[in-house]
Structures are given as C-alpha cells and as structure tokens.
Amino acid sequence: MGDSVSSEGDRARFATVVVPHLSDAFALACWLTGNQSDAEDVVQEASLRAFRAIGSFSGVNARGWVLAIVRNTTYSWLAKNRSRDLVAIEDIDGGGDNGRSGVEVDSAASYDPESALMAKVDAIRLEAAIAALPMEFREVLILREVQGLEYREIADVIGIPIGTVMSRLARTRRRLMDSIRTDHA
Amino acid sequence: MTNLSVSRSPDDRALLVHAYVDGELDPANALAVGRQIAADPVLAAELARAQTLREVLRDRLPRKALPPHLLPRIEAAVGLKSVGLKRLQHRQSWHALAAAAVVALAIGSASTWFVLHQPASDRIAEAIVDDHIRGLMAGPTDVKSSERHIVKPWFNGRIPQSPRVVDLAGEGFPLIGARVDVIGTTPVATLVYGRRLHVISLAAVPDAAAGERAPVPVSTKGYNLVSWSENGIRYYAISDLALGELQTFVRLFKAA
C-alpha cells in the first residue's frame, strides 16, 4: 500500500515536473547527440532517471533539473554507444585558442565585414558548424542560445563554475565564428 | 562588488564583452565594459560579431520538436497512462489529469487535509500554474500577436472585461499573445510575454473570484510566481525565469 501510494505521487510529480520540459529535453539531446533517433533513446532513458529521482527534486527550476539529467544521460549514453565521439579535450578552458588567442585587430565598429559575412550564413552551414564543435563547447552554446539559460543555470546543469561558463561560451562563439568565416572563404 | 574590467589582459576584456552581450554583468561592470567597448574598436568588433552570431542562431536554427510518438512511450515507461498527446490539445482533459493527479496524491496520504483545506487563493495559484504548464506543452497562446491593439480587442466577447495590455518589448519582455484560462467557472484573461526563450503567463483574475487574500507561494512545482492586486484585479505572473527577473517584469508592467 505504502509503495503504491508513493509511486502514484511520483507519477503525479513526474507529470508536472518533467513532462512539460520534454520538448526542451529532446531539443538538447538532438543537438548533443547530433541525430533524432539517438535523441529519442537519450530522452527516454533520462525520463526514467528523472522518474526514479523525482523524490530528490528540490522544487526549484524544474527545467534546469530536467536538462541536467538529459545532459548527464547523453554523456553516459555516448560513452556506451559512441565512445569515439567523447574525446577528452585537454585544457579547454585554459586559454590557448589554437592560433587565435585574443581578438584580431579589425575594422571600425560601425561596419564589421566579418559580422556582415556571418549574417549571410544559412541554416545548414550553421548546423554543420555547431555539430563540428567539441561536445564541451557545443553544450554550453546550446544551453545558452537554444535553451536560453542564464550563466548561473548553465553552471548548475554542467557542474562548472560560473566564470568557466563565461570564458567557455566566449571561446565557443569565437570558434563558431571562425569556422563560419573559413567556410565562406 | 568587484570591478572585473580593470587590470585584465586584452583577451579577458574580450571575454567580458560576451558576458555584456548576455546581460550577465552587474550594472557597475556593465557600465565599465560599455565604456571600454565605446573606446576600443577591437572590442566593438567583438561585440558586433557576438551580437550577429546570437541573432543568426536565434533566427535560423531549426527547432527540434518532440516527435509525437515519444511522449506516449515515455508515459508508458513510467506507468503514466492518463496523459496522451491527444489530450494535450484539450484543456479540459489536462485539467482532468491535473485534478486526478491531486486526488491520487491526496488519497491515503497525510496531505489529504492540506489539499482539502487550502485557501481559495492557493487553489487559484495552483490552477494558474497548471494552465501555464498546459500552455508550455500545447502552445501558450490562443491569439498570437506582439501588437497590443490586436491582443486587447481579441478578449471582447470572450471575457467580461478586457485586461490592461502593455507593450514591454523595449524592456526585453515582448508580448507574445494571449489566451483565456478557466479557473473554477470564471474565465480569466491571461497575457503571454517572452523573455529570451522563457515564457511568462500573466493571469488577471477579478478580485471577487480571487477571494480572500492568502499569501501566494513564491515558488511552486518549479515555477516562480509573483502576485499583486490592482484596481480590483488580482494579477499572477508565473514563469521559470529567475525570481529577480520575474519581479523586474512585474515592476515594469505596474509602471507602464
């Protein structure tokens, strides 16, 4: 009796805490795994994890909680199924921006040719450039630009300091801008 | 508060430009970084690129929609039988589900007394949260427009009194549209605003229906809720935004 009551309660909580965020969960999984069918598997597995852990949900920021579970599930899922995609990246936040540390001296602020070029990029190129980013860069970009999370929330989802979120996001944008520019050249 | 912008390398200053674009700096640092950008073409170029990239990502990336078969599969996996995608398109079914969930929670548990004895305004807050959640799942608006001269008249004939509709796009809270929620038997005008990718529902409940004033919880089911009364209307603003930003929205709405 006790068990069935608590699992009824868990289901009710799952319906209000997790289900509303499944679209966002799926979008995140798509961007992180790179394809829809893997994303479906990840979201289903993450949902089960969330259901089992629903009792530990603090009641604050359901979306962030769900996205953190999806993110962690993606990592373990990729490790199991596609471990070659998870190449450890040394020192990704320690500067050393592969030939482009610092900002290049550029034209005047009012007209920036690089921005103008970037503004013409089409969705397919953009998607390919994002897919080519290493996982650690891609996740911070997607959490910010697609999911609209604040730095604090991103820090919680990934489990890194807020200052690291800032520097990683800046480096990710630079990489992306570089790759779009190279694409066009 | 620390001053982030002095004695930093050029690269660090460029990083701060990104935090500036994201609105993540406190006012003093935002001011300082803003000045540096104005004085330094290198930083200004970084700003222009970061802003362009943000716009391009926002406007051109394809949306990844939840495949219709996935939700039933997940519900089956956790033993949730009562929700199906079809039901999400019908508000009544969603309400029925929410009610069933509350009953399921109450039966045989120590919380029965609490559920049955909540003050009226708490039940209204609960209903508003449920409507917001339903909106996130099935689409938050019945009329979709950023134009308040379209949204306000839309309520005519649907609701006794059109709510106050203000435009806060300039402040970063664009109007998305509106819907009518039904709380108990009272139709309630709900405006929908956006903040980046977050959705804010603002429900306007006539005071008569809102009943006695009980303190409204600040956070419920993972959503933040801010409530206030104004000219016989009780407003409820709900979102998954951080509480501080939701309070900013409320302050701007009141002042508009």
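Just so it is clear, the structure is predicted and the values come from calculations on it, not from any experiment.

Definitions and cut-offs
- Residues numbered from 1 in each chain as written.
- Chains lettered and ligands numbered in written order.
- Predicted model: local features only at pLDDT ≥ 70, side-chain atom pairs only at ≥ 80, totals over all residues.
- Helix = DSSP H or I, 4+ residues; strand = E, 2+ residues; numbered from the N terminus.
- Buried ≥ 20, exposed ≤ 12 C-beta atoms within 10 Å, placed from the backbone.
- Contact = placed C-beta atoms within 7 Å.
- Pairing = 2+ DSSP bridges.
- Expected span 1.5 Å × (residues − 1).
- Arc of directions from axis to C-beta.
- Nonpolar A, V, L, I, M, F, W, Y, C, P; charged D, E, K, R; others polar.
- Axes fitted to C-alpha atoms, helices over the stretch in contact; angles between N-to-C directions.
- Parallel < 35°, antiparallel > 145°, perpendicular 65-115°, else oblique.
- Left-handed = near helix turned anticlockwise from the far one by under 90°.
- Core = buried A, V, L, I, M, F, W, Y, C linked by C-beta atoms within 7 Å.
- pLDDT = per-residue confidence, 0-100.

Asker: Just checking my understanding: could you explain the overall build of chain B for this structure?
Answerer: Across its full length, chain B carries 11 helices and seven strands. The buried share among the 256 residues of chain B stands at 37%. In chain B, once contacts between residues fewer than 6 apart in sequence are set aside, the share between residues at least 24 apart is 54%.

Asker: Where do I start with the sheet that holds strand β4 (residues 198-206) of chain B in this structure?
Answerer: Whenever strands of a sheet pair, they do so through backbone hydrogen bonds, lying parallel or antiparallel. Residues and elements named next belong to chain B. Read across the sheet, seven strands follow the order β1-β2-β3-β4-β7-β6-β5 without closing on themselves; strand pairing throughout is antiparallel. Sheet topology places β1 (143-144) and β5 (219-220) at the edges, where each strand pairs with a single neighbour. In terms of strand pairing, β5 meets strand β6 (residues 223-230) through two bridges, oriented antiparallel. By the bridge assignment, Thr-220 is partnered in β6 with Tyr-223.

Asker: Honestly, helix α3 (residues 36-52) of chain A in this entry has me stumped. Any pointers?
Answerer: Because each turn of an α-helix spans 3.6 residues, side chains separated by three or four positions end up pointing in the same direction. Residues and elements named next belong to chain A. Between its first and last C-alpha atoms α3 spans 24 Å; for 17 residues at 1.5 Å apiece the expected length is 24 Å, and the two agree. Listing the buried residues of α3 in full gives Ala-39, Glu-40, Val-42, Val-43, Ala-46, Ser-47, Ala-50 and Phe-51. The buried residues of α3 occupy an angular sector of 170° when projected down its axis, which confines them to one face. Along α3, the residues that are exposed and aim more than 90 degrees away from the buried face are Ser-37 and Arg-52.

Asker: Any chance you could explain the interface of chain B and chain A here in plain terms?
Answerer: You'll often see interface size given as the accessible area lost when the parts meet. Each side of the interface is counted separately: chain B has 55 residues, and chain A has 57 residues. Elements represented by at least two residues in the side of chain B that touches chain A include exactly α1 (10-21), α3 (41-60), α4 (70-78), α6 (91-106) and α8 (120-138) of chain B. Partitioned by chemical class, the residues of the side of chain B that touches chain A number 34 nonpolar, eight polar and 13 charged.

Asker: I keep staring at unusual backbone geometry and nothing clicks. Help me out?
Answerer: Negative phi characterises most residues that are not glycine, and trans characterises most peptide bonds. All names here are of chain B. The phi dihedral of Arg-196 is positive, around 50°, even though this residue is not glycine. Within the element layout of this structure, Arg-196 appears in the loop between β3 (186-195) and β4. At Asn-231, a residue that is not glycine, the phi angle is positive and equals roughly 50°. Relative to the helices and strands, Asn-231 resides in the loop between β6 and β7 (233-239). Take Asn-231: there are 6 C-beta atoms within 10 Å of it, and that puts it in the exposed class.

Asker: Can you walk me through the packing of helix α2 (residues 22-33) of chain A against helix α4 (residues 62-81) of chain A in this structure?
Answerer: Residues and elements named next belong to chain A. At a minimum axis separation of 10 Å, α2 and α4 run at an interaxial angle of 30°. Viewed along their axes, α2 and α4 adopt a mutual orientation that is roughly parallel. Read as a crossing pair, α2 and α4 show a hand that is right-handed. Between α2 and α4, the residues in contact are Asp-24, Ala-25, Leu-28, Ala-29, Leu-32 and Thr-33 and Arg-63, Val-66, Leu-67, Val-70, Arg-71, Thr-74 and Leu-78, respectively. The residue makeup of the contact of α2 with α4, split by class, is eight nonpolar, two polar and three charged.

Asker: Got a minute to help me understand the nonpolar core in this structure?
Answerer: Core analysis: the biggest nonpolar cluster contains 73 residues, and Ala-25, Phe-26, Ala-29, Val-43 and Val-70 of chain A together with Val-17 of chain B have the highest contact counts within it. No other element matches the nine residues that α2 of chain A contributes to this core. Non-local contacts of Ala-25 of chain A, meaning those with residues more than four positions away in its chain, are made with Val-43, Ala-46, Val-66, Leu-67 and Val-70 of chain A. The next biggest cluster of nonpolar side chains, apart from the first, holds 36 residues, and it includes Trp-154, Ala-204, Tyr-223 and Leu-246 of chain B.

Asker: Hey, could you run me through the packing of helix α7 (residues 135-146) of chain A against helix α8 (residues 151-158) of chain A in this one?
Answerer: Two packed helices can be described by the angle between their axes and the distance between those axes. Residues and elements named next belong to chain A. It is at 10 Å that the axes of α7 and α8 come closest, and there the two elements cross at 140°. The angle between α7 and α8 falls in the class oblique. The way α7 lies across α8 gives a crossing that is right-handed. Of the residues in α8, those in contact with Glu-139, Val-140, Leu-143 and Arg-144 of α7 are Ile-154, Val-157 and Ile-158. Broken down by class, the residue content of the contact of α7 with α8 amounts to five nonpolar, no polar and two charged.

Asker: What is the right way to look at the confidence of the model for chain B in this model?
Answerer: Detailed conclusions should not be drawn from predicted coordinates in areas where pLDDT is low. Residues and elements named next belong to chain B. On average, residues of chain B carry a pLDDT of 78, and 77% of them reach 70 or more. Contacts from residues 82-95, a stretch scored under 50 in pLDDT, to residues over four places away or in other chains number 20 contacts. For the stretch residues 103-118, pLDDT sits under 50, and the model shows 13 contacts to residues farther than four places along the chain or on other chains.

Asker: Help me understand the environment of Asp-142 of chain B, please; the structure alone is not making it clear to me.
Answerer: Residue placement: Asp-142 of chain B occurs in the loop between α8 and β1. C-alpha separation for the pair Asp-142 of chain B and Ala-178 of chain B, spaced 36 residues apart in sequence, amounts to 6.0 Å.

Asker: So what exactly am I meant to see when it comes to the environment of Leu-66 of chain B here?
Answerer: Along the chain, Leu-66 of chain B falls in the loop between α3 and α4. Overall, Leu-66 of chain B belongs to the buried group, with 20 C-beta atoms counted inside 10 Å. Not counting the four nearest positions on each side in its chain, Leu-66 of chain B is found in contact with Leu-22, Ser-23 and Phe-26 of chain A together with Leu-71 of chain B.

Asker: When you look at the pairing of β7 of chain B in this model, what are you seeing that I'm missing?
Answerer: One face of the sheet, then the other: side chains in a regular strand alternate in exactly this way. Residues and elements named next belong to chain B. A large share of β7 lies buried, amounting to six of its seven residues. Note: β4 against β7, seven bridges, orientation antiparallel. The partner of Ala-204 across the bridge, within β7, is Tyr-235. As paired elements, β6 and β7 share seven bridges and run antiparallel to each other. Paired with Leu-225 across the two strands is Ile-238, which belongs to β7. Between β6 and β7, which pair antiparallel in sequence order, lie two residues; one of them, Asn-231, sits at a positive phi of approximately 50°.

Asker: Before we go on, may I ask you to explain the pairing of β3 of chain B in this structure?
Answerer: Residues and elements named next belong to chain B. With eight of 10 residues buried, β3 lies mostly within the body of the structure. Across eight bridges, the pairing between strand β2 (residues 175-183) and β3 is antiparallel. Bridge pairing links Leu-175 to Tyr-193 in β3. Pairing of β3 with β4, which is carried by seven bridges, proceeds in the antiparallel orientation. Within the sheet, the bridge partner assigned to Leu-191 lies in β4 and is Leu-202. Hairpin connection of β3 to β4: two residues between the antiparallel strands, including Arg-196 at a positive phi of 50°.

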